[in-house]
Structure formats: C-alpha cells, structure tokens
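# Overview (structure and organization)
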Amino acid sequence: QVQLVESGGGLVQAGGSLRLSCVASGTTSSIKTMGWYRQAPGKQRETVAVMLNSGSANYAESVKGRFTIARDNAENTVYLQMNSLKPEDTAVYYCNVKVGISWMNYWGQGTQVTVSS
C-alpha cells in the first residue's frame, strides 16, 4: 500500500507559475514510477509527466518546455514545476505512482489548478 498526499494547487493568472508536491508513504521501496496526471471538466484524465526510477522523464506534448518533473527519492517526493501556465492547463492534477511487479496504480486525492486569462 502506498499513500499519496499532494499540495501546491491554486489560482494563478496566465503566464504565472505553480509548483505541485506529492509525498508518498507506505511501501515506497517498490515504486516504479512517479508522475502527474490531470483531468479537466468533461475530459478524460491525461498524462502530464512521468519519471522512472532511472530519472528519465516523459512529458505530454502540450507541456513540454513549460513543466518540469523532479523526484527526491530520499524523501519519496515528486514535484511538478509549472511555468508559463495557460488557461487550458486548468484541471485537477493527480499524483500517481506505479508499484511492484504488477505496476499497480495509486492515486493522490487531486489538487485543483486554475489558470485565469
């Protein structure tokens, strides 16, 4: 079992920045990936950025060059630095980890990010 606690969402004007944090606890030694997903109203949840244990990261095309994912493995924490935010980035952002040989998904409670134009 892994528990995830997110923080850092909020309201920001277009062009602004926010930093999301997610702390994992529990069976963290079996974590394979840590990442961020988002879901806007009326849309499906989509991948934003995912980082493997190796440190390599994958980003959605829509956020490349603006968002940066980082991990602190010692603190079992994953961050998402979001710069040059756009109104279309407005969504609930969810932290995700994949754990164990079955790559089981665990999700955070979600944090609202709202970008005003």
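Preceding this section is the structure that the text describes.
The structure reproduced in this document is the subject of the present report.

What counts and how
Residues numbered from 1 in each chain as written. Predicted model: local features only at pLDDT ≥ 70, side-chain atom pairs only at ≥ 80, totals over all residues. Heavy atoms only, no water. Salt bridge = Lys/Arg side-chain N within 4 Å of Asp/Glu carboxyl O. Buried < 20%, exposed > 50% of the residue type's maximum accessible area, 1.4 Å probe, protein only. Disulfide = S-S within 2.5 Å. Helix = DSSP H or I, 4+ residues; strand = E, 2+ residues; numbered from the N terminus. Pairing = 2+ DSSP bridges. Core = buried A, V, L, I, M, F, W, Y, C linked by side-chain atoms within 4.5 Å.

A word on the pattern of salt bridges. Throughout the structure, instances matching the rule amount to four salt bridges. The partner of glutamate 46 in a salt bridge is arginine 38, and the shortest N-O contact between them spans 2.7 Å. Under the relative-accessibility criterion, arginine 38 is labelled buried at 6%. Where lysine 64 meets glutamate 61, a salt bridge forms, and the shortest distance between an N and an O atom there is 2.7 Å. Residue glutamate 61 is classed as exposed on the basis of its relative accessible area of 63%.

Applying the stated criterion to the full structure yields one disulfide. The partner cysteine of cysteine 22 in its disulfide is cysteine 95, sulfur to sulfur 2.1 Å. Measuring the twist about the S-S bond at about -80°, one finds the cysteine 22-cysteine 95 disulfide to be left-handed. Highlighted residues: cysteine 22 in strand 3 (residues 18-26) and cysteine 95 in strand 9 (residues 91-99), separated in sequence by 73 residues. For the pair cysteine 22 and cysteine 95, one class covers both residues: buried.

When a strand is regular, its side chains alternate between the sheet's two faces. With five of its six residues buried, strand 8 (residues 77-82) lies for the most part within the structure. Of the pairings in the sheet, the one linking strand 3 to strand 8 comprises six bridges and is antiparallel in character. Residue pairing across strands places serine 21 opposite tyrosine 79, the latter belonging to strand 8. By the bridge criterion, six bridges tie strand 7 (residues 67-72) to strand 8 in an arrangement that is antiparallel.

For the rest of this paragraph, the subject is the nonpolar core. If you look at the biggest cluster of nonpolar residues, it comprises 30 residues, and the most contacted ones within it are Trp36, Leu80, Met82 and Tyr93. Of all the secondary structure elements, the ones that give two or more residues to this core are strand 1 (2-7), strand 3, strand 4 (31-39), strand 5 (46-52), strand 7, strand 8, strand 9 and strand 11 (111-116). By residue number, the principal contributor to this core is strand 9, which donates five residues.

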